[in-house]
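Architecture and fold: a report
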Amino acid sequence: MRKGAVYDSQAGTYQVHWRLPDANHVEMTVLVPFGCQASLVLPFAKPETYENRENPLFADVRDDMCLLTAGAYHVVYETSERLEMESRIEKNSWNG
């Protein structure tokens, strides 16, 4: 199941979509509008996830937070713990 959130700011529309392909991975897509910035924390990400400098999502990371400029970003990462496919994410209410 795919979840998402949209925020219509005065500068443009921010979007984030995610899904759990299995209990050990999160797949996420983030869209930041032109001329804007965003801060992104990846839920349940292992510390080494943020070291993948080949992915533009991790070009600027500070204190396990991705600092993003305008653009489209995509990542699939292994979680720090096994997730219950539905209820764990719902309980944390980070989904729009």
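What counts and how
- Residues numbered from 1 in each chain as written.
- Predicted model: local features only at pLDDT ≥ 70, side-chain atom pairs only at ≥ 80, totals over all residues.
- Heavy atoms only, no water.
- Helix = DSSP H or I, 4+ residues; strand = E, 2+ residues; numbered from the N terminus.
- Contact = heavy atoms within 4.5 Å.
- Areas by Shrake-Rupley, 256 points an atom, 1.4 Å probe, with all protein chains shown as cover.
- Buried < 20%, exposed > 50% of the residue type's maximum accessible area, 1.4 Å probe, protein only.
- Pairing = 2+ DSSP bridges.
- Salt bridge = Lys/Arg side-chain N within 4 Å of Asp/Glu carboxyl O.

Remarks on the overall build of the chain
The number of helices and strands found in the chain is one helix and five strands. Listed by position from the N terminus, the elements making up the chain come as β-β-β-β-β-α. Sequence-distant contacts in the chain: of pairs separated by 6 or more residues, those separated by 24 or more amount to 54%. With the model as given, the accessible surface of the chain reaches about 6,000 Å², and the carbon-plus-sulfur share is 48%.

Describing unusual backbone geometry
Across residues other than glycine, the phi torsion is negative in most instances, and most of the peptide bonds are trans. A positive phi angle is found at phenylalanine 44, which is not glycine, with a value near 60 degrees. Within the secondary structure layout, phenylalanine 44 lies in the loop between strand S3 (25–40) and strand S4 (61–62). A positive phi angle, close to 50 degrees, is found at aspartate 63, a residue other than glycine. You can call aspartate 63 exposed: its relative accessible area is 79%.

Looking at the sheet that holds S3
Within a beta sheet, neighbouring strands are joined by backbone hydrogen bonds and run either parallel or antiparallel to one another. Strand order in the open sheet formed by five strands is S1-S2-S3-S5-S4, and the pairing between neighbours is antiparallel. Lying at the two open borders of the sheet, with one neighbouring strand each, are strand S1 (2–9) and S4. Inspection of the sheet shows S4 paired to strand S5 (residues 65–78) by two bridges, in the antiparallel sense. Considered in S5, the bridge of arginine 62 is made with methionine 65.

Describing the environment of glycine 71
Locating glycine 71 in the fold gives a position in strand S5. A relative accessible area of 28% means that glycine 71 is categorised as partly exposed. It is 5.2 Å that separates the C-alpha atoms of glycine 71 and valine 32, two residues lying 39 residues apart in sequence. Here glycine 71 is in contact with Val30, Leu31 and Val32, once residues within four sequence places are set aside.

Some thoughts on the pattern of salt bridges
Following the criterion strictly, the structure yields three salt bridges and no others. Across the salt bridge formed by lysine 46 and glutamate 78, the nearest N and O atoms sit 3.3 Å from each other. Here lysine 46, found in the loop between S3 and S4, pairs with glutamate 78, found in strand S5; they are 32 residues apart in sequence, far enough to count as distant. Between arginine 62 and aspartate 60 there is a salt bridge; the shortest N-O distance is 3.1 Å. Take aspartate 60: its relative accessible area is 27%, and that puts it in the partly exposed class.

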